[in-house]
Amino acid sequence: MTHIVHRNLRQAPPVAVSGHGIWLRDASGHEVIDGSGGAAVACLGHGHPHVVAAMKAQIDRLCYAHTALFSAEPAERLADMLVGHAPGGLTHAYFVSSGSEGMEAALKIARQWAIESGQPQRAKFIARRQSYHGNTLGALAAGGNAMRRAPYAPILSDAFSHVSPCFAYRDRRDGESDADYVARLAEELEAEFQRLGPQNVIAFCAETVVGATLGCATALPGYFPAMKAVCERHGALLILDEVMSGMGRTGTLHAWEQEGITPDIQVIAKGLGGGYQPIGGILVHGRVIEALTKGSGTFKHGHTYQAHPVACAAAVAVQEAIRDEKLLENVRAMGARLEQGLIERLGNHAKVGDIRGRGLFWAVELVRDHASKAVFDPALAVNERVKHEAFARGLACYPMGGTIDGKHGDHVILAPPYVVTAGQVDMIVERFGDAVDAAVAGL
C-alpha cells in the first residue's frame with residue numbers, strides 16, 4: 001500500500017532507485033533507457049559528476065537564504081550566464097521552482113509592465129489551442145490543453161482566449177502553401193486582437209516548439225515573425241514558453257534562435273537544471289524591466305523558494321556541462337540520427353501518421369490509417385500501450401492522448417539526454433519501433 005497520491009490512484013508505479021548516464025533502475029532491478037528524460041527534463045542523464053559535486057559543495061556552504069533579505073552567489077552566477085550578454089535583448093532573470101511557476105511569473109510581470117507603462121486597460125492574453133503552459137490555475141488558463149482544463153474550467157480566469165496553433169500536419173488545407181497557411185494564422189491572430197480591442201491585449205503566448213500536448217510540433221518558416229509583427233503593431237508583448245523546448249533541447253540554447261525573432265519574456269525550466277533540483281524561471285527583455293524600474297521599482301510577486309541557492313548551483317553546473325562538453329553539437333548530431341532512424345523504422349508504418357520534431361525532441365503521431373490520418377478510438381489508449389510495450393523492452397518514453405482536440409489522437413515523445421551516443425540512439429529506435437509494432441498489432 002502506498003500513501004503517496006500518485007498520478008494513477010488505482011495502480012502504483014514502479015519505484016526508481018538509481019540512475020546512471022541515460023539509464024534508470026527500479027526496485028525490481030529492471031533497467032530502462034530514459035528515452036524521454038522523464039518529461040524532457042534529464043538533459044544530462046543521471047549522476048553527472050560535475051553537477052553532483054557542485055550541489056554537494058553548495059550544501060556545505062549555504063542551503064537557503066530568503067530573497068527578501070539576501071541574494072545568493074549561485075543565483076547571480078546563473079543570471080550572468082543566461083543574460084549577462086543580453087541575448088536578444090533579454091537582460092534579467094527571475095528564478096522559481098518549476099515551469100508552471102515560471103509561467104505565472106511571466107503573466108504577472110507582463111501585467112505589471114502594462115500598468116507601469118501607463119496602459120492599465122491591458123488585461124487580456126491570447127494563447128493557442130492545444131498548448132500547455134503549466135498546471136497552476138493561471139498557467140492552466142493560459143494553456144489550451146482541453147483535457148487538463150476541463151475539470152477546472154469554472155474556476156479558470158476569463159482573461160485568456162485562444163487561437164489556432166501552427167500544426168501543418170493536421171490543419172493546413174489541401175493545396176495551401178506554407179506562406180498562405182502562415183498568413184491565415186496571422187490573420188486569425190489579428191482578428192482576435194480586434195475582437196478583444198488591440199489596446200486591451202497584454203501579450204501573445206506560445207510554445208516555440210509545442211511540447212506534450214501537440215507532440216513536438218514545430219512552426220513553419222515565417223510563422224513567428226508574422227506573429228511578432230501582429231504583437232508589435234498593437235504594442236503587445238510576445239511571451240515564449242520554452243519550458244520543454246529551450247535550454248538546448250532543440251539544438252540551440254534557446255529555441256527562438258532558430259525562428260528569427262526574440263521574445264519579450266521567455267519561460268524556462270526542465271533543461272535549466274536537468275532534474276537535479278527543481279528550478280524554472282523567466283528571462284525578461286530590458287524594456288519590460290525598465291518600465292518597472294521607472295515605475296514602482298518592485299516586482300510585486302514572490303515565492304518562498306525563489307532563486308534557491310542549491311537549485312541555482314545545480315543549474316549553473318548543468319549549463320557549464322552543456323557548454324564545456326559541447327553538448328549542443330551532440331544534440332544536433334544525435335538529433336539528426338534519431339530523426340533518420342525513426343523515419344527509416346517507422347516512416348512507412350501503416351499506423352504512423354507523422355514523425356516531427358527538432359534536435360533531441362521528437363514525437364511520433366499514431367493513426368488508425370496512414371493515408372486518411374484517421375485516429376484510433378480514444379478508449380484503446382494506444383499511446384499508453386506503446387509506453388507499456390516500450391517499458392517492457394527497457395525503454396521509457398512519454399505518451400500523450402488527445403493530440404487533436406484533447407480527446408482524439410495519440411502521440412509518443414522521445415527526448416533522450418544530450419549526452420546520448422550514436423549506439424544508444426540506435427538502441428532507442430530499435431526498442432521504440434518494436435514497441436509500436438506490438439502496441440498496434442491487430443488494431
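All values reported here derive from a predicted model rather than from experimental measurement.

Calculation criteria
- Within any chain, residue numbers begin from 1 and follow the written order of that chain's sequence.
- Totals for whole chains, interfaces and linings use every residue, but because this is a predicted model, local features are given only for residues with pLDDT of at least 70 and side-chain atom pairs only at 80 or more, for both listing and counting.
- Processing note: side-chain calculations cover all non-hydrogen atoms of the structure and skip hydrogens and water entirely.
- Helix and strand assignments follow DSSP, with helices taken as H or I runs no shorter than four residues and strands as E runs no shorter than two, numbered in order from the N terminus.
- Three labels apply to residues, based on accessible area from a 1.4 Å probe with only protein chains included: buried if under 20% of the type maximum, exposed if over 50%, partly exposed otherwise in between.
- Any two residues whose heavy atoms approach within 4.5 Å at even a single point are treated as in contact.
- Where accessible areas are quoted, they stem from the Shrake-Rupley method and a 1.4 Å probe; at the residue level, only the protein chains shown are allowed to cover.
- As used here, the term nonpolar core means buried Ala, Val, Leu, Ile, Met, Phe, Trp, Tyr and Cys residues forming a set that is joined through side-chain atoms within 4.5 Å.
- Note on aromatic pairs: the rings of Phe, Tyr and Trp (six-membered ring only in Trp) are paired at centre separations within 6.5 Å, and the planes decide the class, stacked below 30 degrees, edge-to-face beyond 60, tilted for the rest.
- Cavities and pockets are found on a 1 Å grid laid over the protein atoms alone: a cavity is a set of points where a 1.4 Å probe fits but cannot escape, a pocket is an open set with protein on both sides within 12 Å along at least five of seven lines, and a lining residue has an atom within 4 Å of such a point.
- Grid points are joined across faces, edges and corners, and a volume is the space filled by probe spheres set on the points.
- In this classification, Asp, Glu, Lys and Arg are treated as charged, Ala, Val, Leu, Ile, Met, Phe, Trp, Tyr, Cys and Pro as nonpolar, and every other residue, Gly included, as polar.

Some words on the overall build of the protein
In terms of regular secondary structure, the protein is built from 14 helices and 17 strands. Taken along its principal axes, the extent of the C-alpha atoms in the protein is 65 × 60 × 45 Å. Counting over 443 residues, the protein shows a buried share of 55%. The contacts in the protein between residues at least 6 apart in sequence include a share of 72% that link residues at least 24 apart. Of the roughly 18200 Å² of accessible surface on the protein, 54% is carried by carbon and sulfur atoms.

Concerning the nonpolar core
One finds Leu-78, Leu-82, Phe-204, Tyr-223 and Leu-272 to be the most contacted residues of the largest nonpolar core, which totals 50 residues. Going through the elements one at a time, α3 (73-83), β4 (90-96), α7 (168-171), α8 (178-196), β7 (201-207), α9 (223-233), β10 (237-241) and α11 (309-324) are the ones with two or more residues in this core. Looking at which element gives the most residues to this core, the answer is α8, with seven residues. Residue contacts for Leu-272: discarding those within four places in its chain leaves Leu-78, Leu-82, Phe-95, Met-247, Ile-279, Gly-280, Ala-315, Val-318 and Gln-319.

Some points on the packing of aromatic side chains
One pass over the structure, following the stated rule, counts five aromatic pairs. Judged by centre distance (6.0 Å) and plane angle (65°), the rings of Tyr-64 and Tyr-305 are edge-to-face. You can see Tyr-64 sitting in the loop between α2 (49-61) and α3 and its partner Tyr-305 sitting in the loop between α10 (286-294) and α11, a full 241 residues away along the chain. A centroid spacing of 6.5 Å and a plane angle of 55° characterise the contact between Phe-167 and Tyr-169, whose relative ring orientation is tilted.

As for empty space enclosed by the protein
Counting across every chain of the model gives one cavity of 30 Å³ or more. Empty space within the largest cavity amounts to approximately 30 Å³. What lines the largest cavity is simply Val-163, Ser-164, Leu-185, Glu-188, Leu-189, Tyr-223 and Met-227. Every element with two or more residues in the lining of the largest cavity is listed here: α8 and α9. Residue composition of the lining of the largest cavity, by class: five nonpolar, one polar and one charged.

Digging into unusual backbone geometry
Unusually for a residue other than glycine, Gln-130 sits at a positive phi of about 55°. With respect to the secondary-structure elements, Gln-130 resides in the loop between β5 (124-128) and α5 (137-142). Residue classification places Gln-130 among the buried residues on the basis of a relative accessible area of 7%. A positive phi angle, near 45°, is found at Ala-381, a position not held by glycine. In this fold, Ala-381 is placed in the loop between β14 (361-366) and α13 (382-392).

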